[in-house]
Amino acid sequence: MDAKQIRADFIKFFQDKDHRFIRSSPVVPVDDPTLLFTNAGMNQFKPIFMGTNKPEYSRAVNTQKCIRVSGKHNDLEEVGVDTFHHTFFEMLGNWSFGDYYKAEAIQWAWELFTDVWGLDKNRLWATVYHEDDEAFDLWPKVTGIDPARVLKCDKKDNFWEMGETGPCGPCSEIHYYIGDDPSKQTADGVNVSDQYWELWNLVFIQNNRLEDGSLEELPEKHVDTGAGLERIVTVLQGKTSNYESDLFSTIISKTEELTGKSYIDNAAPFQVIADHIRMLSFSIADGALPSNDGRGYVLRRIDRKSGSAG
Ligand code: GLY
């Protein structure tokens, strides 16, 4: 199954559950001075979560171009070190604006992963925010998952915030064990070992973080989910590196052709080049240019870094 089909499957799955398809917003945020780059699918829906904009639909599905190189979400240093973090990636998401909540979000994520895409239930783990007993109880109830595979984790991993301020809430993540031997899985590896990949984050948006650090309740409860397309494609294609999936293989082959070097012997620099080229291309296409300050300076640094990687 190629990446195009996987992206289409995701959108169709939620359209069949009455979600409206909404196009990705640009990676340069349209109207949000708190962000240098769009860092999550929820950014364009922030006014809806805050109650300042009422949409004509209450369920949405999208695939959002995201960049994580600054602020609260910064994966720049992981690129070329592991095979599954990127400065630029696509985030698949389904959304409830004051409509369905935890039970449906959990049930549908499980249905898509296990029934539609056939992921092995014995490699999947779910985590919940340690104070969220509701989500903890819902997991086995609505999915049939082995309760031993549902873990309570702390704020660092299971309370999601887009930035220093803004909509946020407890979240529940689905992790997948990519190792060779499933009998070696242990709960201790989740969120620790790079053999366990976070594939999907289900965020239950119910708070707003204010500038003084306090939390206020939002007028309604919402669902914001984020699933990394690149990781899902890699897992469904039976690989253990995003760079071996069809989303990256053409860039890797072209780099081999242009440099006369092989990927196998030069994995880290090839990965940095492939990652950074995607980030720069989408940024420039969406209107950002390298310069001496702010967003442009980030682009200049990434450009230099990919040049020196070769
Ligand atoms: N908004 C969900 C996520 O970025 O993980």
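That block above? That's the structure.
My aim in this report is to walk through the structure given alongside it, one point at a time. As the structure is a prediction and not an experimental result, all values here were calculated from the model.

**What to know about the overall build of the chain**
The helix and strand tally for the chain stands at 9 helices and 11 strands. Relative to the globule expectation of 19 Å for 310 residues, the C-alpha radius of gyration of the chain, 19 Å, shows essentially globular dimensions. Structurally, the chain occupies a C-alpha span of about 55 × 45 × 35 Å along its principal axes. When burial is assessed residue by residue, the chain has 55% of its 310 residues classed as buried. Total accessible area on the chain is roughly 13,900 Å²; 47% of this is exposed by carbon and sulfur atoms. When the 33 positive and 49 negative side-chain charges of the chain are each reduced to one mean point, those points stand 3 Å apart.

**Overview of the pairing of strand β11 (residues 215-228)**
Relative to β11, strand β5 (residues 88-97) runs antiparallel, the two sharing 5 bridges. Its bridge partner being in β11, Ser96 is matched across the sheet by Val223. Sheet analysis places strand β10 (residues 196-209) next to β11, joined by 9 bridges and oriented antiparallel. Looking across to β11, one finds that Val203 is bridged to Asp224. Hairpin remark: β10 followed by β11, antiparallel, with 5 residues in the connecting loop; positive phi at Gly213, about 90°.

**Here's the deal with the side chain of His19**
Its place among the elements puts His19 in the loop between α1 (3-15) and β1 (20-21). From its side chain, His19 meets the backbone oxygen of Lys17 in a polar contact 2.9 Å long. In contact with His19, not counting residues within four places along its chain, are Phe14, Arg59, Ala60, Val61, Asn94, Trp95, Tyr100 and Trp108.

**What to know about the site of the ligand**
For the ligand, the full set of nearby residues is Ala40, Arg68, Met91, Trp160, Asn201, Val203 and Asp224. Within the contact set of the ligand, an oxygen atom lies 2.9 Å away from a side-chain nitrogen or oxygen of Arg68. In this structure, an oxygen atom belonging to the ligand sits 3.0 Å away from a side-chain N or O atom of Asn201. Notes on the ligand: free accessible area 200 Å², of which the protein chains cover 96%. Per-class residue counts for the shell around the ligand are 4 nonpolar, 1 polar and 2 charged.

**Quick word on the nonpolar core**
One finds Phe113, Trp139, Trp200 and Ile232 to be the most contacted residues of the largest nonpolar core, which totals 53 residues. Here this core gets 7 residues from one element, more than from any other, and that element is helix α3 (residues 102-116). Beyond its immediate stretch of four places on either side in the chain, Ile232 contacts Ile6, Leu92, Phe113, Trp117, Leu199 and Ala227. Core analysis: the next-biggest nonpolar cluster, separate from the first, contains 17 residues, Ala40, Phe49, Phe97 and Ile205 among them.

**Concerning the pattern of salt bridges**
The full count for this structure, using the stated rule, is 15 salt bridges. The salt bridge involving Asp32 is made with Lys46; its shortest N-O contact spans 3.1 Å. Taken together, the residues Asp32 in the loop between β1 and α2 (46-49) and Lys46 in helix α2 connect sequence positions 14 residues apart. Taken as a pair, Asp32 and Lys46 share a single burial class, namely buried. Across the salt bridge formed by Glu134 and Lys102, the nearest N and O atoms sit 3.0 Å from each other. Linking Glu134 in helix α4 (residues 133-143) with Lys102 in helix α3, this pair joins segments that are 32 residues apart in sequence. The partly exposed category is assigned to Glu134, whose relative accessible area is 45%. By sharing partners, the salt bridges in this structure join Lys102, Asp132 and Glu134 into a single network.

**Topic: the packing of aromatic side chains**
Under the counting rule described, the total for this entry stands at 22 aromatic pairs. With a centroid separation of 6.5 Å and 70° between ring planes, the pair formed by Phe14 and Trp108 is classed as edge-to-face. Here Phe14, found in helix α1, pairs with Trp108, found in helix α3; they are 94 residues apart in sequence, far enough to count as distant. Residues Phe14 and Trp108 agree in their burial class; the two are buried. Note on Tyr101 and Phe204: the rings are 5.7 Å apart at their centroids and 65° apart in plane angle, and the pair reads as edge-to-face. Taken together, the positions of Tyr101 in the loop between β5 and α3 and Phe204 in strand β10 put the pair 103 residues apart, joining distant regions of the chain. The pair Tyr101 / Phe204 is uniform in exposure class, with both members buried. Grouped by ring-pair contacts, the aromatic residues Phe10, Phe13, Phe14, Tyr100, Trp108, Phe113, Trp117 and Trp200 constitute a single cluster.

**Description of the packing of helix α8 (residues 267-285) against helix α9 (residues 294-309)**
Interaxial distance between α8 and α9 falls to 9 Å at its minimum, and their mutual angle equals 150°. Relative to α9, α8 is oriented roughly antiparallel. The handedness of the crossing between α8 and α9 is left-handed. Along the contact surface, α8 presents Pro269, Val272, Ile273, His276, Met279, Leu280 and Ser283, while α9 presents Leu299, Ile302, Asp303, Lys305, Ser306 and Ala309. For the contact of α8 with α9, the per-class residue count stands at 8 nonpolar, 3 polar and 2 charged.

**Some remarks on the state of the cysteines**
For the coordinates displayed, the defined rule picks out 0 disulfides. No disulfide involves Cys168; its sulfur sits 11 Å from the nearest other cysteine sulfur, which is in Cys171. A residue is classified by how much of its surface remains accessible, and Cys171, at 1% relative accessible area, is buried.

What counts and what doesn't
- Residues numbered from 1 in each chain as written.
- Predicted model: local features only at pLDDT ≥ 70, side-chain atom pairs only at ≥ 80, totals over all residues.
- Heavy atoms only, no water.
- Helix = DSSP H or I, 4+ residues; strand = E, 2+ residues; numbered from the N terminus.
- Rg over C-alpha atoms; globule rule 2.2 N^0.38 Å.
- Buried < 20%, exposed > 50% of the residue type's maximum accessible area, 1.4 Å probe, protein only.
- Areas by Shrake-Rupley, 256 points an atom, 1.4 Å probe, with all protein chains shown as cover.
- Lys, Arg positive; Asp, Glu negative; His and termini not counted.
- Charge placed at Lys NZ, Arg CZ, Asp CG, Glu CD.
- Pairing = 2+ DSSP bridges.
- Polar contact = N/O pair within 3.5 Å; in protein donor to acceptor, adjacent residues only side chain to side chain.
- Contact = heavy atoms within 4.5 Å.
- Near = heavy atom within 4 Å.
- Nonpolar A, V, L, I, M, F, W, Y, C, P; charged D, E, K, R; others polar.
- Core = buried A, V, L, I, M, F, W, Y, C linked by side-chain atoms within 4.5 Å.
- Salt bridge = Lys/Arg side-chain N within 4 Å of Asp/Glu carboxyl O.
- Phe/Tyr/Trp six-rings, centres within 6.5 Å; stacked < 30°, edge-to-face > 60°.
- Axes fitted to C-alpha atoms, helices over the stretch in contact; angles between N-to-C directions.
- Parallel < 35°, antiparallel > 145°, perpendicular 65-115°, else oblique.
- Left-handed = near helix turned anticlockwise from the far one by under 90°.
- Disulfide = S-S within 2.5 Å.

On their own, these measurements won't tell you what the molecule is for.
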